[in-house]
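# Structure assessment
Chain by chain, the residues:
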Amino acid sequence: MSSPAHERPVRRPARAADALRAPTAADLGRAAAAALHDELALAPKPGLVTLTSNGSHDDMDARTFFRSIAALRRYFVRIAGLGMAGADFEALERAGIEAEACMLAATGGINTHRGAIFLLGLLCACAGALVSAGQPLTPTRLRATLVERWGAALRRRAQRPSTLPGGMAARRHGLRGASEEAALGFPAVFDVGVPAMRSALAQGLSRERAQLDTFFHLMAALDDSNLAHRGGLEGLRFAQQAARGFLADGGAAHPLALARAEALGQDFEARRLSPGGSADMLAAVCWMVRIGAVGAFKVR
Ligand SMILES: CC(C)(COP(=O)(O)OP(=O)(O)OC[C@H]1O[C@@H](n2cnc3c(N)ncnc32)[C@H](O[C@H]2O[C@H](COP(=O)(O)OP(=O)(O)OP(=O)(O)O)[C@@H](O)[C@H]2O)[C@@H]1O)[C@@H](O)C(=O)NCCC(=O)NCCS
Ligand SMILES: Nc1ncnc2[nH]cnc12
């Protein structure tokens with residue numbers, strides 16, 4: 001297997017023309033798989049799986065995630081193509097359900113990326129629709145496309161009671177689950193994650209520090225149904241408060257940020273907390289950086 005995308009040097013377009021051409025479905029889909037690697041490789045990440053820690057999980061590790069990402073590569077390319085072709089929500093949903101089956105087959109039944117299949121899949125479809133319309137890829141246009149093209153279907157979908165642990169926990173506690181977030185145009189991604197990434201890059205933070213700061217902003221704001229599922233409302237509020245405290249103390253720019261994030265990881269693991277939804281949102285923001293919709297990581 002070739003080295004994961006995050007270990008490969010940032011590729012510059014071979015020719016100036018490449019930098020100007022519209023992205024293909026393959027470009028968009030490959031960026032989604034690479035963004036999932038970005039998220040996995042970020043460490044420390046309280047409660048979550050990294051290359052060196054299983055976080056609060058005893059049923060999955062980095063290898064599980066590598067297998068899942070490899071199994072999802074073609075799906076992200078396919079769903080970007082469906083967006084280019086003007087597919088309706090039902091076609092996207094069928095592709096997403098097939099992708100979930102591929103993920104589960106690759107992981108031995110472990111749910112690594114169900115939320116990412118949904119979130120990043122929809123965003124790839126939005127990007128495909130924008131490319132097809134000759135529109136530039138910006139966060140505002142991505143969100144507008146999501147709401148205009150598939151918002152009504154997502155709102156109808158959000159009415160259906162969830163059968164997932166997170167979705168049921170969200171409903172139990174009166175929180176928004178993934179479907180409702182989508183119907184609102186993923187406010188955490190666009191109103192919190194994108195501005196946080198832009199601010200971190202403008203401050204000159206490194207790629208990893210900018211990702212870490214963005215992750216904590218997302219965890220502070222998101223009603224992450226994974227946290228509610230594993231720790232109830234108390235666990236969700238604990239995690240959100242911990243994220244706010246980390247940011248109030250200087251966030252990822254602080255010299256001791258990594259040690260602080262590591263210490264928080266101990267607390268999260270003691271409570272078996274895992275902010276999987278926030279991780280997916282981080283991957284979505286990393287994807288927007290990779291497709292040039294949001295700033296650019298400093299080349300190391
Ligand atoms: C549309 C679905 C995602 C179902 O929607 P629903 O609202 O029922 O789902 P939720 O349970 O609320 O969320 C599903 C996953 O989405 C991530 N997530 C969590 N909170 C949010 C949020 N507020 N906004 C957006 N996304 C959110 C999260 O996914 C990540 O965590 C999972 C891994 O963590 P883990 O703790 O291991 O999870 P579990 O195994 O469930 O718990 P344990 O047993 O281990 O304790 C992993 O999925 C990450 O991605 C939520 O888990 C979707 O299921 C669906 O219906 N898909 C069909 C296809 C489709 O419609 N596609 C549309 C076009 S692409
Ligand atoms: N790195 C990670 N660890 C645990 N759950 C996740 N869901 C998405 N990314 C994850």
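Structure: above.
This section reports on the structure supplied with the text. Here the residue numbering is sequential within each chain, running from 1 through the sequence in written order. Note on labels: chains are lettered from A, ligands numbered from 1, in written order. Thresholds applied to this predicted model are a pLDDT of at least 70 for local features of residues and 80 or more for the giving and counting of side-chain atom pairs; totals over whole chains, interfaces and linings are not thresholded and use all residues. Calculated side-chain values reflect all of the structure's heavy atoms, with hydrogen atoms and water omitted.

## Observations concerning the nonpolar core
The condition is simple: By nonpolar core we mean a set of buried residues, namely Ala, Val, Leu, Ile, Met, Phe, Trp, Tyr and Cys, connected to one another through side-chain atoms within 4.5 Å. Under the scheme applied here, a residue whose accessible area is under 20% of the maximum for its type counts as buried, over 50% as exposed, and between as partly exposed, the area being computed with a 1.4 Å probe on protein chains only. Comment: elements are numbered from the N terminus, with helices defined as DSSP H or I runs of at least four residues and strands as E runs of at least two. We call two residues in contact when some of their heavy atoms are within 4.5 Å.
One finds Leu122, Leu154, Phe186, Val189, Phe216, Trp287 and Met288 to be the most contacted residues of the largest nonpolar core, which totals 92 residues. In terms of residue count, helix H5 (residues 114–132) provides more of this core than any other element does, 13 residues in total. If near-sequence neighbours (up to four positions away) are discounted, phenylalanine 216 is found in contact with Pro46, Ala243, Phe246, Leu247, Ala261 and Leu264. Membership of the second largest hydrophobic core comes to seven residues, among which are Leu40, Met60, Phe65 and Phe66.

## Re the site of ligand 1
Threshold: One heavy atom within 4 Å of a molecule or strand makes the whole residue count as near it. As used in this structure description, the phrase polar contact means that two N or O atoms lie within 3.5 Å; if the pair is within protein, one of them must be able to donate a hydrogen and the other to accept it, and residues adjacent in sequence are counted only when both atoms belong to side chains. Each accessible area is a Shrake-Rupley result for a 1.4 Å probe, and residues are judged covered by the shown protein chains and nothing else. Polarity classes work like this: nonpolar for Ala, Val, Leu, Ile, Met, Phe, Trp, Tyr, Cys and Pro, charged for Asp, Glu, Lys and Arg, and polar for all others, with Gly in that last group.
Close to ligand 1 lie 40 residues, the nearest being Arg157, Ser162, Gly167, Asn226 and Asp280. The separation between an oxygen atom of ligand 1 and a polar side-chain atom of arginine 157 is 2.6 Å. In isolation ligand 1 exposes 1,200 Å². Once the protein is present, 90% of that is buried. Looking at the shell around ligand 1, the elements with two or more residues in it are helix H3 (62–84), helix H4 (89–107), H5, helix H7 (165–172), helix H8 (178–183), helix H11 (225–248) and helix H13 (276–290). The biggest single contributor to the shell around ligand 1 is H5, with six residues. Considered class by class, the residues forming the shell around ligand 1 number 14 nonpolar, 16 polar and ten charged.

## A short note on H4
The criterion, for reference: Helix span, as expected, comes to 1.5 Å for every residue beyond the first.
With 19 residues, H4 ought to run about 27 Å at 1.5 Å a step, and its terminal C-alpha atoms sit 26 Å apart, in line with that. Positioned one or two residues after H4, glycine 108 has a phi angle of 70 degrees, which is positive.

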